[in-house]
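Summary of the model geometry
Here is how the chains run, residue by residue.
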Amino acid sequence: MTTINENFLKLQKNYLFADIAQKVAAYKEAHPEADIIRLGIGDVTRPLAPAVIKALHKAVDEMGSADTFRGYGPEHGYEFLRQAIVENDFAPRGISIDKDEIFINDGAKSDTGNFGDILGTDNSICVTDPIYPVYIDSNVMGGRAGDIVNGSWSKITYCPCNEANGFVPQLPDHATDMIYLCYPNNPTGTTLSREELEKWVAYALKHNSLLLYDAAYEAYITREGVPHSIYEIEGAKKCAVEFHSYSKTAGFTGLRCGYTVVPKELVFKSKRGEDVQLNQLWNRRQCTKFNGTAYIVQRAAEAIYSEEGKREVRETIDYYMTNARIMREALTEVGLKVYGGVDAPYIWLKTPEGVGSWEFFEQLLTQINVVSTPGVGFGPAGEGFIRLTAFGKREDCEEAMRRLKNWLK
Ligand SMILES: *Cc1c(COP(=O)(O)O)cnc(C)c1O
């Protein structure tokens with residue numbers, strides 16, 4: 001008799017975005033004339049850079065000629081892209097990464113979710129709260145989360161990030177094994193300083209823990225001194241993997257490409273006491289279960305690193321970050337408390353005194369026809385906040401802020 005992976009039955013239904021869609025649809029049906037502005041979307045809206053489109057066309061043509069046709073590519077990813085990553089994302093920051101430590105993927109969600117394949121099922125988990133749901137759900141599937149007790153998983157350590165601690169998570173007071181950090185953060189839009197990251201690296205080295213560092217929003221950092229990579233911290237190559245994505249950086253949410261860094265210095269002991277390189281295990285895993293990202297997509301990603309590509313991608317990021325600034329300023333002007341939006345495309349907005357996440361979501365929807373994301377949907381510490389994204393159209397951001405000012409006047 002075939003059995004199923006019972007861990008999947010433990011997953012909480014992720015009602016968040018379905019609930020939002022349903023509430024918006026119901027409102028729209030009752031008020032067909034309403035002009036609804038969506039500031040809850042986590043997807044980009046600007047088109048791909050011309051340099052990327054040019055590279056795609058060229059690569060497509062290569063696929064149409066017997067001389068330049070490409071079939072299966074290397075599982076690690078093509079060398080031209082891994083080389084461009086080493087030279088552009090790491091070398092300028094003084095980080096030396098070998099191209100064999102880079103694994104091209106089809107986006108960071110897959111790898112953040114799959115990385116647990118090569119790690120023991122008895123590892124304990126540590127996450128910041130609120131959090132990108134993939135880290136928890138993939139560990140529920142992997143059997144590491146325990147059971148839900150009062151809304152939290154019994155084997156997961158949550159480090160709350162709230163106003164009181166300035167959205168800086170405190171280190172756990174006990175050892176944990178797999179630690180997920182995402183900076184700049186989704187959903188709070190906040191970052192961690194070098195000193196704070198140094199504490200996590202020291203903790204991980206002390207306890208033989210693994211940091212799983214999600215740098216999906218690294219390109220949005222604007223302030224000097226905010227680390228772009230965990231490898232800017234001394235010792236991190238011995239305790240951290242890092243996930244990158246071109247989704248938010250260059251509008252690749254539909255094209256699909258990113259990469260994972262697995263340093264060779266990352267060595268853990270097997271139960272038999274042998275030293276095992278995570279780089280080798282991950283390579284073995286990828287060679288078995290993954291056949292690479294499309295050649296044309298890797299050429300498109302390479303084009304991001306050309307002079308033209310860099311400039312165009314920067315323009316798009318600036319467009320989103322101008323949206324973020326417009327929203328921050330308007331929200332602050334009406335007396336609301338705003339976090340994030342400086343080094344990330346997310347604004348973490350405190351709801352007015354005594355108003356819960358869902359209640360404020362409803363007020364924004366019904367009073368000014370603006371859709372947000374209730375913060376509590378990202379974890380218990382998100383209660384009392386909503387998330388707004390800067391990924392919309394400029395006119396929509398401006399109009400939403402006009403409505404907000406009129407409403408709160
Ligand atoms: C959007 C996002 C990603 C990127 O996912 P892709 O699969 O690369 O599109 C990764 N991590 C976080 C926290 C995100 O918000």
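In this text, all values refer to a predicted model and were calculated from it rather than measured experimentally.

1. Considering the domain arrangement of the chain
Bring the parts together and some accessible area is lost; that lost area is often taken as the interface size. Segmentation of the chain into domains returns domain 1 (8–47 + 308–408) and domain 2 (53–306). Averaged C-alpha coordinates put domain 1 and domain 2 at centres separated by 26 Å. In this assembly, 35 residues from domain 1 lie in contact with 42 residues from domain 2. Between domain 1 and domain 2 the total buried area reaches about 3,100 Å² when both faces are included, carbon and sulfur atoms providing 60% of it. Ionic pairing is found between Asp343 and Arg223, a salt bridge with its closest N-O pair at 2.6 Å. Counting the contacts that link domain 1 with domain 2 gives 19 residue pairs in polar contact (both at pLDDT 80 or more). For the side of domain 1 that touches domain 2, the elements supplying multiple residues, two or more each, are helix H1 (7–10), helix H11 (307–333), strand S13 (338–340), strand S14 (346–350) and strand S17 (385–389). Tallying contributions element by element places H11 first for the side of domain 1 that touches domain 2, with 8 residues. When grouped by side-chain class, the residues that make up the side of domain 1 that touches domain 2 number 18 nonpolar, 8 polar and 9 charged.

2. Side note on the site of the ligand
Taken together, 14 residues are adjacent to the ligand, and Asp214, Tyr217, Ser245, Ser247 and Lys248 come closest. Separating an oxygen atom of the ligand from a backbone N or O atom of Ala108 is a distance of 2.7 Å. Note that a nitrogen atom of the ligand is positioned 2.7 Å from one of the side-chain N or O atoms of Asp214. Protein contacts shield 93% of the accessible area of the ligand, which totals 390 Å² for the unbound molecule. Applying the majority rule of atoms within 2 Å of the grid points places the ligand in the largest pocket. For the shell around the ligand, the elements supplying multiple residues, two or more each, are helix H5 (108–114) and helix H8 (246–250).

3. A short note on the pattern of salt bridges
Taken as a whole and assessed by the stated rule, the structure comprises 25 salt bridges. For Asp318, the salt bridge identified is with Arg314, shortest N-O distance 3.7 Å. Taken together, the positions of Asp318 and Arg314, both in helix H11 and 4 residues apart, correspond to about one turn of that helix. Looking at Asp318, the relative accessible area reads 38%, which means it is partly exposed. The exposure class of Arg314 is partly exposed, given its relative accessible area of 37%. Ionic pairing is found between Arg403 and Glu399, a salt bridge with its closest N-O pair at 2.9 Å. With Arg403 and Glu399 both in helix H13 (residues 394–408) and 4 residues apart, the pair spans about one turn of that helix. Where salt bridges share partners, they join Asp35, Glu399, Arg402 and Arg403 into one cluster.

About the criteria used
- Residues numbered from 1 in each chain as written.
- Predicted model: local features only at pLDDT ≥ 70, side-chain atom pairs only at ≥ 80, totals over all residues.
- Heavy atoms only, no water.
- Domains from an automatic or database assignment.
- Contact = heavy atoms within 4.5 Å.
- Buried area = accessible area lost by both parts, 1.4 Å probe.
- Salt bridge = Lys/Arg side-chain N within 4 Å of Asp/Glu carboxyl O.
- Polar contact = N/O pair within 3.5 Å; in protein donor to acceptor, adjacent residues only side chain to side chain.
- Helix = DSSP H or I, 4+ residues; strand = E, 2+ residues; numbered from the N terminus.
- Nonpolar A, V, L, I, M, F, W, Y, C, P; charged D, E, K, R; others polar.
- Near = heavy atom within 4 Å.
- Areas by Shrake-Rupley, 256 points an atom, 1.4 Å probe, with all protein chains shown as cover.
- 1 Å grid on protein atoms, 1.4 Å probe; cavity = no way out; pocket = protein on both sides within 12 Å on 5 of 7 lines; lining within 4 Å.
- Sits in = over half its atoms within 2 Å of the grid points.
- Buried < 20%, exposed > 50% of the residue type's maximum accessible area, 1.4 Å probe, protein only.

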